[in-house]
Amino acid sequence: MVSAMEQIGYVIYKNPETKKPEFINSIFLKQKYFEEHPLDIIGVARKYEDALQFLADYVASSYDENGKYIFEE
């Protein structure tokens, strides 16, 4: 049986320091660090390519709406 975490693959989140979007493999969320430092998750993807595409679309939509890249929402 495949766990939900393995099905997700990648988590896209806003970096709390830079406010910019990033992604990591969902397996990292099992680390104790993330229990005390939850992520501001903005998307999930099964494959690496899907995570890259989500990130590219997210950045493009930010640019389209604002005329520049602003991630501090």
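Up top is the structure these notes are about.
Quick notes on the rules
- Residues numbered from 1 in each chain as written.
- Predicted model: local features only at pLDDT ≥ 70, side-chain atom pairs only at ≥ 80, totals over all residues.
- Heavy atoms only, no water.
- Helix = DSSP H or I, 4+ residues; strand = E, 2+ residues; numbered from the N terminus.
- Buried < 20%, exposed > 50% of the residue type's maximum accessible area, 1.4 Å probe, protein only.
- Contact = heavy atoms within 4.5 Å.
- Areas by Shrake-Rupley, 256 points an atom, 1.4 Å probe, with all protein chains shown as cover.
- Phe/Tyr/Trp six-rings, centres within 6.5 Å; stacked < 30°, edge-to-face > 60°.
- Pairing = 2+ DSSP bridges.
- Axes fitted to C-alpha atoms, helices over the stretch in contact; angles between N-to-C directions.

1. Some remarks on the overall build of the chain
A count of helices and strands for the chain gives three helices and three strands. Reading the secondary structure of the chain in the N-to-C direction produces α-β-β-α-β-α. In the chain, buried positions account for 25% of the 73 residues. Sequence-distant contacts, at least 24 apart, represent 52% of the contacts inside the chain between residues at least 6 apart. Carbon and sulfur atoms make up 53% of the accessible area of the chain, which amounts to about 5,500 Å² in all.

2. Observations concerning the environment of Phe54
With respect to the secondary-structure elements, Phe54 resides in helix H3 (residues 48-66). In contact with Phe54, not counting residues within four places along its chain, are Ile12, Ile42 and Gly43.

3. Here we look at the environment of Ala56
Residue position: Ala56 is located in helix H3. Along the sequence, Ala56 and Pro21 sit 35 residues apart, while their C-alpha atoms lie 9.7 Å from each other.

4. What about the packing of aromatic side chains?
What characterises a pair of aromatic rings is the spacing of the ring centres plus the angle enclosed by the ring planes. The full count for this structure, using the stated rule, is five aromatic pairs. Considering the side-chain rings of Tyr10 and Phe23, the 5.8 Å spacing of their centres and the 80 degrees angle between planes classify their relative orientation as edge-to-face. In this pair, Tyr10 is assigned in strand S1 (residues 10-14) and Phe23 in strand S2 (residues 21-25), connecting sequence segments 13 residues apart. Here the aromatic rings of Phe23 and Tyr48 are separated by 5.5 Å at their centres, their planes lie at 65 degrees, and the arrangement is edge-to-face. Of this pair, Phe23 sits in strand S2 while Tyr48 sits in helix H3, and the two are 25 residues apart along the sequence. Tyr48 gets classed as partly exposed once you look at its relative accessible area, which sits at 41%. Put simply, the rings of Tyr10, Phe23 and Tyr48 touch in pairs and so form one group of aromatic residues.

5. Digging into the sheet that holds S1
Spatial ordering of the open sheet is given by S2-S1-S3, a layout of three strands whose pairing is antiparallel. One side of each edge strand has no neighbouring strand; the edge strands of this open sheet are S2 and strand S3 (40-45). On average, adjacent strands in this sheet sit at an angle of 30 degrees to one another, irrespective of strand direction. Where S1 and S2 come together, five bridges link them in antiparallel fashion. Directly across from Ile12, in S2, lies its bridge partner Phe23.

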